[in-house]
Amino acid sequence: MQDVTVVRTAVQPPYAAHLRVYEPLAAYPEPERARWQAYAAERGPDAGEAAQPVAAAVLEEQREALAELVARTPRALPERESGRAYLRVVDGVLYVCPWATRLRSWQALEELRAGAPVALLDTALPPATRAAAEADRERWRAEHPDARPWILTSRWEVPVRWFLPFGDEDRCFVPGGAAAPGGGVPGGEVPGGEGERGGRPAALFYLVPMAQARRRVARAYRALREAVPEGELARGAERVGRWLEEFHPRSLVELDYGGLVHLLGPERLLADRSAGELEEGLRALRAGDTAEALRVHEELTVRWRRVLALRYAN
């Protein structure tokens, strides 16, 4: 992977977490497959190693998005699809997660329209600009009926349902300044400096094979449906499960804390075991200990709501 010292910038990634799917190169049809293979070759033999965080590539994506915003005429989405992707290499197999910037921009526009005050929305993106973007989206959907994003984004929090595909052994915490050597594999922690000494930002991510992710989500959904069929987490498990089913069965699934690492700080990151705690709560639920399961879920929910509340901090 490209070293972050090459892409050093004053721009920090937004306070957002990402749930990504990396599909094996063989899952892509030609000529797309050849294009991604050449793209990976340009980045060198070490691009996308499994133990490495993708923080440098996230900063690269952020800078590219900011460059789009400096246009004199407001644009609701990029003029063309990005030909970029996040890469992972596991056991010699190349996995690709396309940025799909235009598709994600349409989704972000829908979220903005649903949550932003009309006056603010009209100032940032005039109605005519939004209408043109929506018309463009409908034309694109007609041409790509099976399209789906490889990346889901959540600002200011990690939704509790996103931890369902993972266990504590899939966790990889890389403190700021660490070079993520061979010992930095999921389930372990990489010793290193604090802050960004050495040029590499802190990272916390989970990485798991798709088959294991689907199995965990399915088991969780069955237990939740029996115990609390109308609960928020049961509905969330169904949504996550349906999204995962859209991809190749030999894909990889990654939960990346992204820019939230700057919000939480090294001590809280080191102590965070959200996926493992949720797993323990689900074990209690399957064992019939509803009270313990509810306690775990409530603690996780309250903890992440406190993080979410920071978006209103002065």
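Residues numbered from 1 in each chain as written. Predicted model: local features only at pLDDT ≥ 70, side-chain atom pairs only at ≥ 80, totals over all residues. Heavy atoms only, no water.

1. What about the pattern of salt bridges?
Enumeration over the complete set of coordinates arrives at 14 salt bridges. One salt bridge in this structure joins Glu-42 and Arg-43, with 3.4 Å as the shortest N-O distance. Since its relative accessible area comes to 65%, Glu-42 is described here as exposed. (Salt bridge = Lys/Arg side-chain N within 4 Å of Asp/Glu carboxyl O. Buried < 20%, exposed > 50% of the residue type's maximum accessible area, 1.4 Å probe, protein only.)

2. Here we look at helix α6 (residues 210-227)
With 18 residues, α6 extends 26 Å from end C-alpha to end C-alpha; this agrees with the ideal 26 Å at 1.5 Å per step. Among the residues of α6, those classed as buried are Met-210, Ala-213, Arg-214, Arg-216, Val-217, Ala-220, Ala-223 and Leu-224. Those residues of α6 hidden inside the fold are in contact with β1 (16-24), β6 (203-209), α7 (232-244), β7 (252-256) and α10 (274-286). (Helix = DSSP H or I, 4+ residues; strand = E, 2+ residues; numbered from the N terminus. Expected span 1.5 Å × (residues − 1). Contact = heavy atoms within 4.5 Å.)

3. Details of α10
With 13 residues, α10 extends 19 Å from end C-alpha to end C-alpha; this agrees with the ideal 18 Å at 1.5 Å per step. Within the sequence span of α10, burial applies to Ser-274, Ala-275, Gly-276, Glu-277, Leu-278, Gly-281, Leu-282, Ala-284 and Leu-285. Those residues of α10 that are buried are in contact with β6, α6, α7 and α11 (290-308). Gly-288 lies just past α10 and shows a positive phi near 90°.

4. Section: the side chain of Ser-274
The residue Ser-274 is located in helix α10 in this model. Among all residues touching Ser-274, those that are not within four sequence positions of it are Phe-163, Tyr-206, Tyr-257, Leu-300, Arg-303 and Trp-304.

5. Observations concerning a positive patch on the surface
Taken together, the side chains of Arg-215, Arg-219, Arg-222, Arg-225, Arg-283 and Arg-286 present a region of like positive charge at the surface. Considering each element in turn, the positive patch owes the most residues, 4 residues, to α6. Mapping Arg-225 onto the fold places it in helix α6. On the basis of relative accessible area, Arg-225 is assigned to the partly exposed category, the value being 43%. (Patch = residues over 30% accessible without salt bridge, like charges linked within 9 Å, V, L, I, M, F, W, Y side chains within 5 Å. Areas by Shrake-Rupley, 256 points an atom, 1.4 Å probe, with all protein chains shown as cover. Lys, Arg positive; Asp, Glu negative; His and termini not counted. Charge placed at Lys NZ, Arg CZ, Asp CG, Glu CD.)

6. Considering the confidence of the model for the chain
Averaged over every residue, the pLDDT of the chain is 80; the share at 70 or more is 71%. Averaged pLDDT values for the elements of the chain fall to 62 in helix α2 (residues 55-69) and rise to 98 in β7. Below pLDDT 50 for its whole length, residues 1-9 participates in 23 contacts with residues either more than four positions away or in separate chains. Note on residues 178-198: pLDDT is under 50 here. Beyond four places in sequence and across chains, it has 57 contacts. (pLDDT = per-residue confidence, 0-100.)

7. Re the nonpolar core
Val-158, Phe-163, Leu-244 and Tyr-257 are the most contacted members of the largest nonpolar core, which totals 69 residues. In this structure Val-158 touches Ala-17, Phe-163, Leu-255, Tyr-257, Leu-260 and Trp-304, once residues within four positions along its chain are discounted. (Core = buried A, V, L, I, M, F, W, Y, C linked by side-chain atoms within 4.5 Å.)

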